[in-house]
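Structural features, examined
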Amino acid sequence: MFIIKKVNKKSILVFALLLLLIIFVVLRAALCGNPESYAYCEGIGKCRTEISDKFSAEDFCSQFGLSIDLSSETKEYITIPSEFNDVYEKYNSMQIQQGFNLEGYKGRKAERRTYDVKNAVKASELKVNLIIYDSRVIAGDLCTVSLDGAMTTLFDKTMIKGEEHE
């Protein structure tokens, strides 16, 4: 014996909205990379990547032993290239060492924040760049501002006071 239940428009609408919500959540997870708020960094282990009212860029940088000058902050919106050239391939290799990977963000717009590093060996010569997408750090680097400057990982302690390698 079969029970036939009359399906009304409200039931169909509720079902359709639930289906759309599930599709949205799956697509967002697939397209936006790792939704977790942590990355595993070769140099320091697990690090928190969320940038919020409760966990600032200063908090993020302190995980790497960096003290930043918040008043020096500059912000710039960038687009991560859809295709990586050699420079971006090398940059992304450095990011992978830090537990990040820009592959899943190709073609996306992100925010780059730059700060002076207060505990740098050479004062005012070291900057930290953080690339932020959807309130999460997805890449970062330390760089010097001199003409023959260098770029390195966030966990490279050779340019930080009291952390120099012998």
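Scroll up for the structure.
A short tour of the structure in this document, coming up.

Quick notes on the rules
- Residues numbered from 1 in each chain as written.
- Predicted model: local features only at pLDDT ≥ 70, side-chain atom pairs only at ≥ 80, totals over all residues.
- Heavy atoms only, no water.
- Helix = DSSP H or I, 4+ residues; strand = E, 2+ residues; numbered from the N terminus.
- Buried < 20%, exposed > 50% of the residue type's maximum accessible area, 1.4 Å probe, protein only.
- Contact = heavy atoms within 4.5 Å.
- Pairing = 2+ DSSP bridges.
- Axes fitted to C-alpha atoms, helices over the stretch in contact; angles between N-to-C directions.
- Salt bridge = Lys/Arg side-chain N within 4 Å of Asp/Glu carboxyl O.
- Expected span 1.5 Å × (residues − 1).
- Arc of directions from axis to C-beta.
- Polar contact = N/O pair within 3.5 Å; in protein donor to acceptor, adjacent residues only side chain to side chain.

**Re the overall build of the protein chain**
Within the protein chain one finds three helices and seven strands. If you list the helices and strands of the protein chain from N to C, you get α-β-β-α-β-α-β-β-β-β. In the protein chain, which comprises 166 residues, the proportion classed as buried is 35%. Considering only intrachain contacts with a sequence separation of at least 6, the fraction spanning at least 24 residues in the protein chain is 58%.

**Brief notes about the sheet that holds strand E3 (residues 68-79)**
Pairing is antiparallel across the open sheet formed by five strands, whose spatial order is E3-E4-E5-E6-E7. Looking along the sheet, the strands with just one partner apiece sit at the ends: E3 and strand E7 (151-152). In terms of strand pairing, strand E5 (residues 126-133) meets strand E6 (residues 136-144) through eight bridges, oriented antiparallel. When the sheet's bridge partners are listed, Leu130 is paired in E6 with Gly140. The strands touched by helix H3 (residues 86-97) within the sheet are E5, E6 and E7, with E6 carrying the most contacts at an inclination of about 110°.

**Section: the environment of Cys41**
With respect to the helices and strands, Cys41 occurs in strand E1 (residues 38-41). Residue Cys41 is classed as buried on the basis of its relative accessible area, which comes to 0%. Sequence separation between Cys41 and Phe155 is 114 residues; the distance between their C-alpha atoms is 8.4 Å. Discounting chain neighbours no more than four positions away, the residues touching Cys41 are Cys47, Phe64, Gln97, Gln98, Gly99 and Phe155.

**Re unusual backbone geometry**
Its identity is not glycine, yet Asp134 carries a phi of approximately 55°, on the positive side. By the element assignment, Asp134 lies in the loop between E5 and E6. If you check the backbone angles, Ser135 has positive phi at about 65° while not being a glycine. Judged by relative accessible area, Ser135 falls into the partly exposed class, the value being 44%.

**Observations concerning the pattern of salt bridges**
In the structure shown here, the tally under the stated rule is five salt bridges. As a salt-bridge pair, Lys106 and Glu103 come within 3.1 Å of each other at their nearest N and O atoms. On the accessibility criterion, Lys106 (27% relative accessible area) is partly exposed. Here Glu103 falls in the partly exposed class, since its relative accessible area comes to 35%. Notably, a salt bridge pairs Lys127 with Asp116, separated by 2.3 Å at the nearest N-O pair. Within this pair, whereas Lys127 is found in strand E5, its partner Asp116 is found in strand E4 (residues 109-117), the two being separated by 11 residues in sequence. Among the residues examined, Lys127 registers a relative accessible area of 23% and is labelled partly exposed.

**Some thoughts on H3**
Look at H3: 17 Å from first C-alpha to last across 12 residues, which is about the 16 Å you get at 1.5 Å a residue. Residues Tyr91, Asn92, Met94 and Gln95 constitute the buried set of H3. Relative to the axis of H3, the buried residues are bounded by an arc of 155° and lie together on one face. For H3, the exposed residues set more than 90 degrees away from the buried face come down to Asp86 and Lys90. The elements touched by buried residues of H3 are E5, E6 and E7. Put simply, Asn85 is the residue that caps the front of H3, since its side-chain oxygen is 3.1 Å from the backbone nitrogen of Val87. Backbone geometry just downstream of H3 places Gly99 in the positive-phi region, at approximately 90°.

All we've got here are geometric facts, nothing functional implied.
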